[in-house]
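# A structural walkthrough
Letter by letter, the chains look like this.
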Amino acid sequence: MTDFYLVSSGIRSSNLSVTEVLTIQKLDVVCTRGGDPQLNGVGLPILGLTREVPSFLKLPLGSPVPPADQSSRVSSPLCDSGLHLNGNSSNTAPSSPSSPSANEPKYEKRWLDAVSLPLLMARVSKYKAGTDKLRSNSFEVCALDGTSINILQFCTAAESTDWLQAISTNISDLTLENMKMINRYCSPDDQIVHMGWVCGNPHPDDAAPSSTFKFLALRGPWLYIFRSPPVSATDWGQAETLYILYEVLFKVHKLWMAEDCWIQAKFYLGLQQDEELQDGEPFCFSILVGHGQSHTFSVEMTSDLSVWEKSFQRAVFMEVQRVGSKTYMCSSQSKVLCLTIDFGSGFTCSESSSKKILWRYKFSQLKGSSDDGKTRVKLLFKNAENKQIEMKELEFSNLTAVLHCIHSFIASKVASVDPVFVNSQSISGKYMI
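This report concerns the structure included in the present document. Model, not experiment: these values are computed from the prediction.

## Let's talk about the pattern of salt bridges
Side-chain pairs of opposite charge can arise whenever the charged atoms involved come near each other. Tallied over the entire structure, the rule returns 10 salt bridges. Across the pair glutamate 140 and arginine 123 runs a salt bridge, and its minimum N-O distance is 2.8 Å. Separated by 17 residues along the polypeptide, glutamate 140 in strand 8 (residues 138-142) and arginine 123 in strand 7 (residues 123-125) bring together distant segments of the chain. Grouping residues by exposure puts glutamate 140 and arginine 123 together as buried. Among the ionic contacts, a cluster of salt bridges with common partners joins Arg123, Arg135 and Glu140.

Encoded structure:
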């Protein structure tokens, strides 16, 4: 069910004790005659909307809210919750039997709660459902259950942006508190680094492309993709898709100044810089997975994109530190080999059967790479003694995963000696147990 609300810039403070609810209020009017409310058959005042009036939003006390627009023609309920349409500013209409106007109708404004929307795991979106088209001065708010969708229409784009930011911040704060609670009861290698809603963008080759919302989570060694947020322990086993973090690659679809260590890691592998955005995709990122496949997602604000990028870097860094090394089976000149990528020592290639080491290089000795996009890769290393470039050609059944793993280990190695990144990890420790 979708409800539509025209919202003015007024803000009403909430005295609720709960901190997870967004309340939408609508203005109702009580018609009074002779100083007493006109009653219906069951003794209740007759209430009705006598004209088109806006709704008002209120967030819990202490929540970030945008400033009220003083130029609004409709009085903010924060300052005036009982202003009579006839000019009387009291909450009850005084009258006297001897007054000439005692029998004349009077109207009293009342702000009534129309919707109370839980914000824990809720999502917001400026996009029209199933399309890539933006709403004008409006956005939708959808609760965790996904059944109640409320579209909030504002008078100006500035008001819409302010409220989108305020509600999004409140949702993020609630998600963070939920993460802290879950992490408190999980082992250090099963911590949640970040989770939240994204919009899954369709592939251009899809027959009937349409956007769908997904819930992503970075937890332990995995990237989870859900259709709806995991609420119970059982839900975590019901992911639509999951990937090993260090075997996928996070790519931002915009000109984005990443940390030097991640730029340097791309340089080592000869990866190209991100191209400019396509129209209509201002805040998008992709998760590149095996065999040339990828998932493309969009978020509502630049700050969301920044959080996802930094969270992904942090999650990969933590997982690489935890596993220490990863070995892949490969072949070269009809021989079965093993390539080990080690956080401390770099690359080691050995025979699969005898475990005899054939060659070894540090991460810093890798000067470039090229592959055929299928199974074969050429790694170019600089010999530490004679300074010559040596090429090692290997063949893998899961080449993309191997290349992403190399990228993850090199990026984490470089990050481990970057004081700015290391300090940021200690600061982000507040998200963990």
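Right, picking up where we left off after that structure.
## Side note on the pairing of strand 16 (residues 294-298)
Two faces make up the sheet, and in a regular strand the side chains alternate between them. Relative to strand 16, strand 10 (residues 192-201) runs antiparallel, the two being bridged by three bridges. Counted as the bridge partner of asparagine 201 is threonine 296 from strand 16. Here strand 15 (residues 284-288) pairs with strand 16 via five bridges, running antiparallel. Across the sheet, residue serine 286 finds its bridge partner in strand 16, namely threonine 296. Here strand 15 hands over to strand 16 after five residues, with histidine 291 in that stretch at a positive phi of 60 degrees.

## Examining the packing of aromatic side chains
Ring pairs (aromatic) are described by centroid distance and by the angle formed between their planes. Counted under the stated rule, the structure contains 15 aromatic pairs. Where tyrosine 246 meets phenylalanine 409, the ring centres are 6.1 Å apart and the plane angle is 80 degrees; that geometry is what we call edge-to-face. Of this pair, tyrosine 246 sits in the loop between strand 13 (241-244) and strand 14 (249-252) while phenylalanine 409 sits in helix 4 (residues 399-416), and the two are 163 residues apart along the sequence. For the pair shown, tyrosine 246 and phenylalanine 409 are each scored as buried. Judged by centre distance (4.9 Å) and plane angle (20 degrees), the ring pair of phenylalanine 250 and phenylalanine 285 falls under stacked. Taken together, the residues phenylalanine 250 in strand 14 and phenylalanine 285 in strand 15 connect sequence positions 35 residues apart. For phenylalanine 250, a relative accessible area of 12% puts it in the buried group.

Thresholds, definitions, all that
- Per chain, the residues get numbers from 1 upward, laid out in the order the sequence is written.
- Thresholds applied to this predicted model are a pLDDT of at least 70 for local features of residues and 80 or more for the giving and counting of side-chain atom pairs; totals over whole chains, interfaces and linings are not thresholded and use all residues.
- As a rule here, side-chain values come from all non-hydrogen atoms in the structure, and water together with hydrogens is ignored.
- Think of a salt bridge as a Lys or Arg side-chain nitrogen and an Asp or Glu carboxyl oxygen that are within 4 Å of each other.
- The way it works is that DSSP assigns letters per residue, a run of H or I at least four long becomes a helix, a run of E at least two long becomes a strand, and they are numbered from the N terminus.
- Each residue gets one of three labels from its accessible area relative to the maximum for its type: buried under 20%, exposed over 50%, partly exposed in between, using a 1.4 Å probe on protein chains only.
- A pair of strands counts as paired when DSSP detects no fewer than two bridges linking them.
- Within 6.5 Å between ring centres, the rings of Phe, Tyr and Trp (the latter by its six-membered ring) count as paired, and their orientation is classed by plane angle as stacked under 30 degrees, edge-to-face over 60, tilted in between.

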